[in-house]
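Spelled out from the first residue to the last, the chains are:
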Amino acid sequence: MVSTLFDPVTIGGLQLPNRLVMAPMTRNRATPEGLVTELAGEYYAQRASAGLIISEGIQPSVIGQGYFLTPGLHNAEQTDAWRQVTDAVHRAGGRIFAQINHCGRIGHPALYPDNALPLAPSAVASGEQLFTPDGMLDHPTPREMTTEDIAATITDFTAAARNAIAAGFDGVELHGANGYLLHQFLADNTNLRTDSYGGSVANRIRFVTEVVAAVSEAIGADRTGIRLSPGNPFNHIEESDPAPLYVELLTKLAEQDIAYVHIVEGGDRELTTKLRAAWPGSLILNPHRTPDAFPATVEAAEEALESGVTDAVSLGALWLANPDLDARIKVGGPYNTADQATFYGGDSAGYTDYPTLDQVTSA
Ligand SMILES: Cc1cc2nc3c(=O)[nH]c(=O)nc-3n(C[C@H](O)[C@H](O)[C@H](O)COP(=O)(O)O)c2cc1C
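Everything numeric in this text was worked out from a predicted model, so none of it was measured. (Residues numbered from 1 in each chain as written. Predicted model: local features only at pLDDT ≥ 70, side-chain atom pairs only at ≥ 80, totals over all residues. Heavy atoms only, no water.)

(A) Inspection of the overall build of the protein chain at higher detail. Scanning the protein chain for helices and strands turns up 12 helices and 14 strands. Relative to the compact-globule value of 21 Å for 363 residues, the protein chain shows a C-alpha radius of gyration of 19 Å, a close match. The dimensions of the protein chain, computed from C-alpha atoms along their principal axes, are 60 × 45 × 35 Å. Expressed as a percentage of the 363 residues in the protein chain, the buried residues total 57%. By sequence separation, contacts in the protein chain at least 24 residues apart represent 70% of the contacts at least 6 residues apart. Working note: accessible area of the protein chain is about 14,100 Å², and carbon and sulfur atoms make up 53% of it. The distance from the centre of the 22 positive side-chain charges to the centre of the 44 negative ones in the protein chain is 4 Å. (Helix = DSSP H or I, 4+ residues; strand = E, 2+ residues; numbered from the N terminus. Rg over C-alpha atoms; globule rule 2.2 N^0.38 Å. Buried < 20%, exposed > 50% of the residue type's maximum accessible area, 1.4 Å probe, protein only. Contact = heavy atoms within 4.5 Å. Areas by Shrake-Rupley, 256 points an atom, 1.4 Å probe, with all protein chains shown as cover. Lys, Arg positive; Asp, Glu negative; His and termini not counted. Charge placed at Lys NZ, Arg CZ, Asp CG, Glu CD.)

Laid out in C-alpha cells, this is it:
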C-alpha cells in the first residue's frame, strides 16, 4: 500500500499522526554551561505538529562537545533544563527524541575546561576548523582512544540516554552520521585501529553496535534510534565500502530490534534500497535526490514515501523555516526560506520568529 505524508505510523511504540519528521538541527543557542533555555522550548513547541521531532545534537560528556553553545545531557542542571523543552512539546501535542552526539575528533581543546585533546578512534585530524567568536581554529590531531576510553564513552552514552528519559524525552537518537564519533569508528579513513575495533567491517561496526546495545539496555530498544549517513563525506569522511559496511551494520542492528534507523541519503537511492532490504524495522529517510541537493524538497519527501522505500521522511531546513510545515504542505505552500545567517547562534531572530501561514495571511 502506498503511504502519504499524512498517514499515521507507529515508530518505536509511539503513534505518530503523520510521517513528517523534523530532522535534528544544531542551533547553538544554549548557555556556556550547556543549558537549553525557555526559547528552545518555544522553538520546538512551535513545531510540535511534526510526527516526531528529533532534537539538535546533544553532547553526552564534556569531551563529546564539538561546537560552542551546544546543549548537554551529562549533568543534573542540563537534564532539568531540557524538561522545559519536553514539557512544552508535549503540552503542544508533540513527540520528541533527543539526538545524542559525541563529536569525537570534531572537537577542540578550546571547548574543554582542562584544554584536553578531543578523542577519536585514531589520531587522524579532521582538516576542518572550529568556529569561535574570535575566529576559526584548526582542529588538532585527536588522541586515539584506549580500550578504557571506549568503555567510559559507552557509559557516557548510556548515562546521557537515561538523563534524556528523566528529562521527559520520548526516546533518543544516537548520532551515527555526518562524521562524528560513531561515524569515525565506521569509516576506514578515520579508523586505523588494529585492535578489535578496527580493520574489518565486523570490527569497525563493533563500537556502534556496543553503544546501541548498552543504550537499548538502559532505556529500552523501543526508545533507541540511530542516524546514519552512508557514504556521506561531511567532516572529511571517506568510506571506501559503504554498501557492505552498512548492510552488515543494519543486519546486526536488526537483531537488537531498535525503534528506528534514520538515514541521511546522499543522492544514492540504489544504496538506500539495498539498506532497506537489510533493515526490517522502521526507517526514517532524509531524502536527497542528488549529493548536493539542499534543502530536501517536499516533492522529494513525497516521492520517497510513495516509492515504499521508507516509512517516514525527515526534513531539516523546511521545518526550521516553517513552524507549520505540515499545514503548509496540505495547501501546497508557500514556504518561508531558511536564513542561513541565523542557523547557528543568536537569539529569537531566525529561531522563533518564522511566521505561520495564518500569521502571514492575517498580516
Ligand atoms: C542548521 C542545521 C543544523 C544541523 N544540525 C544537525 C545535527 O545537530 N545533527 C544532525 O544529525 N544533523 C544536523 N543537520 C543536518 C540535518 O538534520 C539534515 O540532514 C540536513 O539539513 C539535510 O536535510 P534538509 O535538506 O531537509 O535540510 C543540520 C542541518 C542544519 C541546516
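What follows picks up the thread again.
(B) Broad picture of the sheet that holds strand E3 (residues 20–22). Taken in spatial order, the 8 strands close into a barrel running E3-E4-E5-E10-E11-E12-E13-E14, and their pairing is parallel. Pairs of neighbouring strands in the sheet enclose a mean axial angle of 25°, with direction left out of account. Along the sheet, helix H2 (residues 76–91) makes contact with strand E4 (52–58) and strand E5 (96–100), crossing E5 at roughly 145°. (Pairing = 2+ DSSP bridges. Axes fitted to C-alpha atoms, helices over the stretch in contact; angles between N-to-C directions.)

(C) Representation of unusual backbone geometry within the structure. Residues Gly333 and Pro334 are joined by a peptide bond in cis, for which omega reads 5°. Here Pro334 shows up in the loop between helix H11 (325–330) and helix H12 (357–362). Phi at Asn28 takes a positive value of approximately 50°, unusual for a residue other than glycine. As for its placement among the helices and strands, Asn28 is situated in the loop between E3 and helix H1 (38–46). For Asn28, a relative accessible area of 9% gives the class buried. Of note in the backbone geometry, His236 takes a positive phi value of approximately 60° without being a glycine. Structurally, the position occupied by His236 is in the loop between strand E11 (224–228) and helix H7 (242–256). Judged by its relative accessible area of 40%, His236 falls in the partly exposed class.

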